[in-house]
Amino acid sequence: MEIKRVGVIGAGQMGNGIAHVFALAGYEVLLNDVSKTALEAAPGIIGGNLDRQVARGRITEEERDRALGQIEIAPEIATIGAADLVIEAATEREELKHKIFASLAPHLAEHTILTSNTSSISITRLASQTDRPERFMGLHFMNPVPVMQLVELIRGIATDEPTYKTMAAVVTKLGKTYSSAEDFPAFIVNRILVPMINEAVYTLYEGVGTVSSIDTSMKLGANHPMGPLELGDFIGLDTCLAIMNVLHEGLADTKYRPCPLLVKYVEAGWLGRKTQRGFYDYRSGTPVPTR
């Protein structure tokens, strides 16, 4: 089927980025969020990100203006039901995602494809609570969405072939590359990446190195563009912890046990860049290690 109108639920960092790339690719975008503040801020945030692409010569001013014109703010979730494709990009909490899909159900067209941008939660389980598990799959974008090239496509056990092929074509139209992942906890990228961050936290917790020495070692010794603790702050330590919990519970292997220090940072509300404190303190404008 041809996708023309896309509904994005969640106007946070991921949702804004997803709306941005779909609008730039020529899709009509309906952007929804329970937060009126987030919805009001979204056009300005997306516009600023488009302006940066113009300044870098990646898009023209005409393309920026056209993309902004493709995005419609949709405060009522019923409006999203008119979309050909719905992308849920809410907080990484399974009960919240189930609630969102349940509220959408009465408003959906028969042909609408449902997807989740979840980074770790079972697609099969999410799909099973909807009226269309065969037209449901995982569409996992990387952060920041306008910059990162990869999208993970995850089929649930019931996802049919036409849905998969449709979404593969959509990702290609966005100018991105897709990888197919089986529906196991955290899929491919986060199954590998987040345990590495968790191990870096253990390395800090056990006193093997400081925040600076761990990040410097991985940047200069493994040629990583960003150290693992810096990356954890960028992703959000609450998100990292949520993914580790999904891995630990879903695979029942002690190697996925979240580091107690990671738990402690999340309990303190030190979640990384979004709260201005994590493994680094960002409040002065220059990141300063907190340990």
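Residues numbered from 1 in each chain as written. Predicted model: local features only at pLDDT ≥ 70, side-chain atom pairs only at ≥ 80, totals over all residues. Heavy atoms only, no water.

Short version of the rule: UniProt positions are given in the numbering used here, feature names are shortened, and annotations may be inferred rather than shown by experiment.
Looking at an unreviewed UniProt entry, one finds the chain named 3-hydroxybutyryl-CoA dehydrogenase, with Amaricoccus solimangrovi as its source organism. Here the chain is described in UniProt, under the heading Sequence similarities (unreviewed entry), as follows: "Belongs to the 3-hydroxyacyl-CoA dehydrogenase family."

## Overview of helix α9 (residues 211–221)
Our working rule: Working definition: with a 1.4 Å probe on protein chains only, accessible area under 20% of the residue-type maximum means buried, over 50% means exposed, and in between means partly exposed. Numbering of helices and strands runs from the N terminus; a helix is a DSSP stretch of H or I covering at least four residues, while a strand is a stretch of E covering at least two. Here the arc refers to the directions that run from the helix axis out to each C-beta atom. Here, two residues are considered to be in contact whenever any of their heavy atoms come within 4.5 Å of each other.
Among the residues making up α9, those that are buried are Val211, Ile214 and Asp215. Buried positions in α9, seen along its axis, are confined to an arc of 90° and lie on one side of it. The exposed set on the far side of α9, more than 90 degrees from its buried face, consists of Leu220 and Gly221. Along its buried surface, α9 packs onto α8 (189–205), α10 (228–235), β9 (280–281) and β10 (288–289). Of the residues flanking the end of α9, it is Asn223, one or two places downstream, whose phi is positive at about 60°.

## Here's the deal with the sheet that holds strand β5 (residues 113–116)
Basically, it comes down to this: In this description, strands pair whenever DSSP reports at least two bridges between them. Note on definitions: angles span 0 to 180 degrees between N-to-C directions of axes, and those axes are lines fitted to C-alpha atoms, for helices only across the stretch in contact.
The strand order across the open sheet built from 8 strands is β3-β2-β1-β4-β5-β6-β7-β8, with neighbouring strands paired in mixed fashion. The sheet is open, and its two edges are formed by β3 (71–73) and β8 (177–181), each paired on a single side. Across the sheet, the axes of successive neighbouring strands diverge by a mean angle of 25°, strand direction being ignored. Bridge count for strand β4 (residues 85–88) against β5 is 4 bridges, and the pairing is parallel. Among the inter-strand pairings, Val86 is bridged to a residue of β5, identified as Leu114. Most of the contacts of helix α5 (residues 94–104) go to β5, to which it runs at about 165°, and overall it touches β1 (5–9), β4, β5 and β6 (136–141).

## Brief notes about the side chain of Asn117
Along the polypeptide, Asn117 turns up in the loop between β5 and α6 (123–128). A relative accessible area of 8% means that Asn117 is categorised as buried. Ignoring anything within four residues of it in the chain, the contact list for Asn117 reads Met14, Ile18, Ile87, Glu88, Ala89, Leu139, His140 and Phe141.

## Quick word on unusual backbone geometry
Where the residue is not glycine, phi is negative for most of them; where a peptide bond is considered, it is trans in most cases. Omega for the bond connecting Asn143 with Pro144 falls within 30 degrees of zero, at 0°, which places this linkage in the cis form. With respect to the helices, strands and loops of the structure, Pro144 is situated in the loop between β6 and β7 (150–155). Despite not being glycine, Phe187 shows a phi value in the positive range, around 60°. One can find Phe187 in the loop between β8 and α8. Notably, Gln276 is not glycine yet its phi reads approximately 75°, a positive angle. With respect to the helices and strands, Gln276 occurs in the loop between α12 (260–268) and β9.

## Re the pattern of salt bridges
Quick reminder of the rule: Counted as salt bridges are all cases of a side-chain nitrogen of Lys or Arg within 4 Å of a carboxyl oxygen of Asp or Glu.
Summed over the entire model, instances satisfying the criterion amount to 14 salt bridges. Between Asp51 and Arg64 there is a salt bridge, and its shortest N-O distance comes to 3.0 Å. Linking Asp51 in helix α2 (residues 36–55) with Arg64 in helix α3 (residues 61–69), this pair joins segments that are 13 residues apart in sequence. Given a relative accessible area of 37%, Asp51 falls into the partly exposed group. With relative accessibility at 18%, the residue Arg64 sits in the buried group. Taken together, the salt bridges that share partners define one network made up of Asp51, Arg64 and Asp65.

## With respect to the layout of surface pockets
Rules: Grid spacing is 1 Å over the protein atoms alone, the probe is 1.4 Å, and a cavity is where that probe fits but cannot get out, while a pocket is an open set with protein on both sides within 12 Å along at least five of seven lines and lining residues have an atom within 4 Å of a point. Grid points are joined across faces, edges and corners, and a volume is the space filled by probe spheres set on the points.
The computed volume of the second largest pocket comes to approximately 520 Å³. Lining the second largest pocket are 24 residues, and of these His20, Asn49, Pro144, Pro146 and Val147 sit closest to its centre. Elements represented by at least two residues in the lining of the second largest pocket include exactly α1 (13–24) and α2. Take the lining of the second largest pocket: its biggest share by element is 6 residues, from α1.

## Some details on the domain arrangement of the chain
Stated formally: What marks off one domain from the next here is an automatic or database domain assignment. Buried area is understood as the total, over both parts, of accessible area removed when two parts are fitted together, assessed with a 1.4 Å probe. Pairs of N or O atoms within 3.5 Å make up the polar contacts considered here, provided that, within protein, one atom can donate a hydrogen while the other can accept it, and that residues adjacent in sequence are counted only when both atoms are side-chain atoms. For this classification, the nonpolar set comprises Ala, Val, Leu, Ile, Met, Phe, Trp, Tyr, Cys and Pro, the charged set comprises Asp, Glu, Lys and Arg, and every other residue, Gly included, is treated as polar.
For the chain, the domain assignment lists domain 1 (5–182) and domain 2 (189–289). Taking only C-alpha atoms, the centre of domain 1 and the centre of domain 2 are 27 Å apart. Domain 1 puts 9 residues into the contact, and the matching count from domain 2 is 6 residues. Counting each side, the surface lost to burial between domain 1 and domain 2 is near 630 Å², with a carbon and sulfur contribution of 61%. Applying the counting criterion to the domain 1 and domain 2 interface returns 0 salt bridges. Viewed at the interface, domain 2 and domain 1 are joined by 2 residue pairs in polar contact (both at pLDDT 80 or more). Classifying every residue of the side of domain 1 that touches domain 2 by side-chain character gives 3 nonpolar, 4 polar and 2 charged.

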